[in-house]
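Residues per chain, in single letters:
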Amino acid sequence: PNKIPTAFLFCITLGMLGGLKLSRSKPSPWKQCSSILHFLFILIFNTSPYGRRQIEPNEYSKEAIENDLFWEKYIQIQHTAEQINKELFMEEVAEVLKKLGLESEIESKTEKNFQEESLAKFLKPFLDLYWPLLEAIRYTLRLTANVVTWEESYLSFWVTGALLISTIITWFIPWGWLALWCPRIFVWLGMGPWMKIVDKYYVAPFELKEEDL
């Protein structure tokens, strides 16, 4: 239990290194990220022997095209699955609306348009209210994804370095001792014997006595 924070930070560091490995395994040399040694040499010596090499014409072009086709098919399959889920959800919405007694409106409009319009009207107040928060969440998730996949390679390097240093530091911190004594010190300082003095001179004058009732 004393090493849980260290293990947590170490797992995140391994995830960042896994993202770097995934980025460097791309077939196209134009999309590969530089190695972590390259960033270290640039940071320390301002030059690096591990920089980008000369890329030959059409180098790994066949493998890169195959990789792009694979991801295009994957995205298409995911889009098809989302459309199916959307249709199923719209059917459930139509059933709920019918139970609410809106059959006449459904008959006067096409079912699909009515479902989409009803859902948009229902969600609009919530989306307008929480739109800034949703926008911030979207930006944070996109930035996090770019950092983990090393699309923002320099930022990813600094994050990985900070995580690695934090992992080493937390290894030597006695978390068990802190977990035991920090609550004790807080209780002693916040609810010690001197609280009797606080109660007598600062709280008691404001309390109602029996003769005042």
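In the block above lies the structure referred to throughout.
Rules behind the numbers
- Residues numbered from 1 in each chain as written.
- Predicted model: local features only at pLDDT ≥ 70, side-chain atom pairs only at ≥ 80, totals over all residues.
- Heavy atoms only, no water.
- Salt bridge = Lys/Arg side-chain N within 4 Å of Asp/Glu carboxyl O.
- Helix = DSSP H or I, 4+ residues; strand = E, 2+ residues; numbered from the N terminus.
- Buried < 20%, exposed > 50% of the residue type's maximum accessible area, 1.4 Å probe, protein only.
- Phe/Tyr/Trp six-rings, centres within 6.5 Å; stacked < 30°, edge-to-face > 60°.
- Lys NZ or Arg CZ within 6 Å of the ring centre and 35° of its normal.

> Explain the pattern of salt bridges to me, and be specific about the residues and the numbers.
One pass over the structure, following the stated rule, counts 2 salt bridges. A salt bridge links E151 to K26; its shortest N-O distance comes to 3.3 Å. Of this pair, E151 sits in the loop between α5 (111-148) and α6 (153-171) while K26 sits in the loop between α1 (4-24) and α2 (36-45), and the two are 125 residues apart along the sequence. For E151, a relative accessible area of 48% translates into the label partly exposed. For K26, a relative accessible area of 25% gives the class partly exposed.

> An account of the packing of aromatic side chains is needed here, citing residue identities and associated values.
With the rule as written, the count across this model stands at 6 aromatic pairs. For the pair F39 and W150, a centre-to-centre distance of 6.2 Å together with 40° between the ring planes defines the contact as tilted. In this pair, F39 sits in helix α2 while W150 sits in the loop between α5 and α6, placing the two residues 111 residues apart along the sequence. The exposure classification of F39 matches that of W150, with both residues buried. Clustering of aromatic rings is evident, with ring pairs tying together F39, W150, Y154, F157 and W158. Cation over ring: R184 sits above W181, and NZ or CZ is 4.9 Å from the ring centre.

> Lay out unusual backbone geometry with the relevant residues and their values.
Even without being glycine, N46 reaches a positive phi, approximately 65°. As for its position among the elements, N46 is in the loop between α2 and α3 (61-99). Exposure remark for N46: the relative accessible area of 66% places this residue in the exposed category. Phi at W150 takes a positive value of approximately 65°, unusual for a residue other than glycine.

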